[in-house]
Amino acid sequence: MTSQLNVDTIVDKAGSGGTNVKIGNTSTYVSEGGSATQNTVQGLGKAWCNYVTASTFVNNDSFNVASLTDAGTGRCKIVFTNVFSNDKFASTGLSGVGYGQYSLNGQETNLADHLTYDGSNSAADSSENTMVAHGDLA
């Protein structure tokens, strides 16, 4: 027998409006068109950050990032709070260096090492960098 729950709002027992909803790794959702289902947990970004490497090294904002390390010109090591189950997660980013490139220098279960380059393909610091990582957490 299937059950369906129809509600407008879920709140905690105290009725304060806050809530914690836990879902299992096998939870799915139906696509916008209704023809496909996706695993909810697998589809979530597991870490992201927005940071500056030019002049001062600053983490503007982040999720699941324990620390950022200035590893040299144009290079940033992003250390995760919760590690990935293996080093095969997908990590990508963008840099504000004019006509530059952003590349992955390496990754381990606990970090992603990113490099930024300027238009002449030289390592360069940037005032605007972003990174997001998808994969299975340990």
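Structure first, text after, so check above.
Owing to the predicted nature of the structure, the values given are computational and were not obtained by experimental measurement. (Residues numbered from 1 in each chain as written. Predicted model: local features only at pLDDT ≥ 70, side-chain atom pairs only at ≥ 80, totals over all residues. Heavy atoms only, no water.)

Novice: Please provide a residue-by-residue account of the sheet that holds strand 8 (residues 101–108), values included.
Specialist: With respect to topology, four strands assemble into an open sheet ordered 5-6-9-8, the strand pairing being antiparallel. Looking at strand neighbours, the two that pair on one side only are strand 5 (65–70) and strand 8, the edges of this open sheet. Between one strand axis and the next, the sheet turns through 20° on average, direction left out of account. Strand direction decides the pairing type here: strand 5 and strand 6 (residues 75–80), joined by five bridges, are antiparallel. What sits directly across from Thr69, in strand 6, is Lys77. (Pairing = 2+ DSSP bridges. Helix = DSSP H or I, 4+ residues; strand = E, 2+ residues; numbered from the N terminus. Axes fitted to C-alpha atoms, helices over the stretch in contact; angles between N-to-C directions.)

Novice: I'd like a rundown of the sheet that holds strand 10 (residues 129–134), residues and numbers included.
Specialist: A sheet is described by the order of its strands in space; here four strands give the open sequence 4-3-10-7, paired in antiparallel fashion. Unpaired on one side and paired on the other, strand 4 (58–63) and strand 7 (90–95) mark the two borders of the sheet. On average, adjacent strands in this sheet sit at an angle of 15° to one another, irrespective of strand direction. In this structure, strand 3 (residues 47–52) lies alongside strand 10, joined through five bridges in antiparallel fashion. Looking at strand 10, one finds that Tyr51 is bridged to Asn129.

Novice: Give me the environment of Ala124: which residues, what numbers.
Specialist: For Ala124, the location among the structural elements is in the loop between strand 9 (111–117) and strand 10. Along the backbone, Ala124 and Ser95 are 29 residues apart, and their C-alpha atoms lie at a distance of 9.9 Å.

Novice: Let's hear about a nonpolar patch on the surface: which residues, and what values?
Specialist: On the surface, a cluster of nonpolar side chains totalling about 500 Å² of accessible area is made up of Leu5, Val7, Ile10, Val21 and Ile23. Secondary-structure assignment places Val21 in the segment before strand 1 (28–30). (Patch = residues over 30% accessible without salt bridge, like charges linked within 9 Å, V, L, I, M, F, W, Y side chains within 5 Å. Areas by Shrake-Rupley, 256 points an atom, 1.4 Å probe, with all protein chains shown as cover. Salt bridge = Lys/Arg side-chain N within 4 Å of Asp/Glu carboxyl O.)

Novice: Describe the pairing of strand 4, with residues and values.
Specialist: Both strand 3 and strand 4 contribute to a ladder of five bridges, which runs antiparallel. Across the sheet, Trp48 pairs through a bridge with Phe63, a residue of strand 4. Between the end of strand 3 and the start of strand 4, which pair antiparallel, lie five residues, with Ser55 showing a positive phi angle near 55°.

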